[in-house]
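Architecture and fold: a report
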Amino acid sequence: MEKIIIIGSGILGASTAYELAKRGASVIVIDRNDTGSATKAAAGIICPWLSQRRNQDWYQLVRNGAKHYGTLIQELESLGETETGYRKVGAISLYSETTKLEKAYDRAHLRREQAPEIGSIKKLSEAQTKHYYPLIAEGFQSIYISGAARVDGRQLQQALIRCAKQYGAIFKKGSASLDKTADGTIQVVCDEQITEADKIILTTGAWAPQLESLNIRLKVRGQKAQIVHMNPNDVQSSNWPVVIPPGDQYLLSLDDGRVIAGATHEDENVFSPTVTVGGVQEILTKAIHVAPGLSEAELLEVRTGIRPFTPGFLPIIGPVAAYEHIFVANGLGASGLTAGPYLGKLLAQLVNGEQVEIDLSPYSVDQAIEPL
């Protein structure tokens, strides 16, 4: 039985641990549990099909990621996990201009040819849009996508960890680094304890792993996000669809009825967990512009998380050149909850020596590695 050590237990590390443990590997996961983990702060919109992003390699991951949820949630539920944080509630994408709505409608129908999990696609009038989301502002038509879902990152991560443990995975809290011995062996050092493994996987998110002993550096940067949680005091709010307004904001509900509005995109003071007045103002101004009914909601909390990005804004996954038993996956950015579980599956296939179901060359780790 191969012994595999995973450093980092966010959505990607937890998914990889689950997939490998399910395949019978001996898995140890080490995580420092840093403040600001993107997974613990995030609530995700699983609706990639309306995106106008032109990068087809990125779209392949998020499209397959959305599809993968159907299988994954069934597996977790069969293992007793009924609270995964995932629920298919549909989404409404808002438009104030009919021409943009028509283009998006056509794009969704075209993409449904490869992704039938989109479900039904409907144009909604202003009145119909308000029926689906009562707090919405006047002046918005929308497109409704029935196959869209929401997911609570914290709940899904914990469900994956519990299921990985059912298959024998071990999770440890600690600070891990890699050390190269005189004979070239790579060891994992955690709190002064040395552990050897057949394979090592680095899924450390915005916190770049310490690879100085290997004379290389992983180019990864963080971006801070602040996310506001509100209680609209409406008994139906837990059933509301995800709202995708124009721009880079979103609204979604959780099972307890709270509404989440987010998120900021901050490139300064990235690793500070501080909630800022300016960040909250930005989120609430945009949220109330789209859904003025939220002005009467109770402010519950503000969470912060740090998204990881690598050069090219495309996730990386694969072995490290010259160290083929060391694997890296990173750079999920703002689409971590959509693509993360699927990348965990791909990484498990790769590490386990299986046929990987897509070509991973566009996501080569080499593009984010530089020598020291």
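Data block above holds the structure.
Residues numbered from 1 in each chain as written. Predicted model: local features only at pLDDT ≥ 70, side-chain atom pairs only at ≥ 80, totals over all residues. Heavy atoms only, no water.

Looking at the side chain of Ser335
With respect to the helices and strands, the residue Ser335 is situated in the loop between β21 (323-330) and α8 (336-351). Within the structure, the side chain of Ser335 is placed 3.0 Å from the backbone oxygen of Leu332, a separation counted as a polar contact. Ser335 has contacts with Trp58, Val62 and Gly340, leaving out every residue within four places of it along the chain. (Helix = DSSP H or I, 4+ residues; strand = E, 2+ residues; numbered from the N terminus. Polar contact = N/O pair within 3.5 Å; in protein donor to acceptor, adjacent residues only side chain to side chain. Contact = heavy atoms within 4.5 Å.)

Quick notes on the side chain of Thr264
Topologically, Thr264 is positioned in the loop between β18 (259-262) and α7 (277-290). Residue classification places Thr264 among the buried positions, given a relative accessible area of 0%. Among the polar contacts listed, one links the side chain of Thr264 to the side chain of Glu266, at a separation of 2.6 Å. If sequence neighbours within four positions are ignored, Thr264 has contacts with Lys224, Ala225, Gln226, Gly279, Glu282, Ile283 and Arg307. (Buried < 20%, exposed > 50% of the residue type's maximum accessible area, 1.4 Å probe, protein only.)

Remarks on the packing of aromatic side chains
Enumeration over the complete set of coordinates arrives at six aromatic pairs. Between the aromatic rings of Tyr133 and Trp240, the centroid separation amounts to 4.8 Å while the plane-to-plane angle is 55°, which identifies the pairing as tilted. With Tyr133 in the loop between α5 (126-132) and β7 (141-145) and Trp240 in the loop between β15 (221-231) and β16 (242-244), this pair connects stretches of sequence that are 107 residues apart. Comparing Tyr133 with Trp240, the two get one shared label, buried. (Phe/Tyr/Trp six-rings, centres within 6.5 Å; stacked < 30°, edge-to-face > 60°.)

Quick notes on the pairing of strand β13 (residues 199-202)
Neither face of β13 is open: one carries Lys199 and Ile201, the other Ile200 and Leu202, and all of them are buried. As paired elements, β13 and β21 share three bridges and run parallel to each other. Residue pairing in the sheet places Ile201 in a bridge with Phe327 of β21. (Pairing = 2+ DSSP bridges.)

All we've got here are geometric facts, nothing functional implied.
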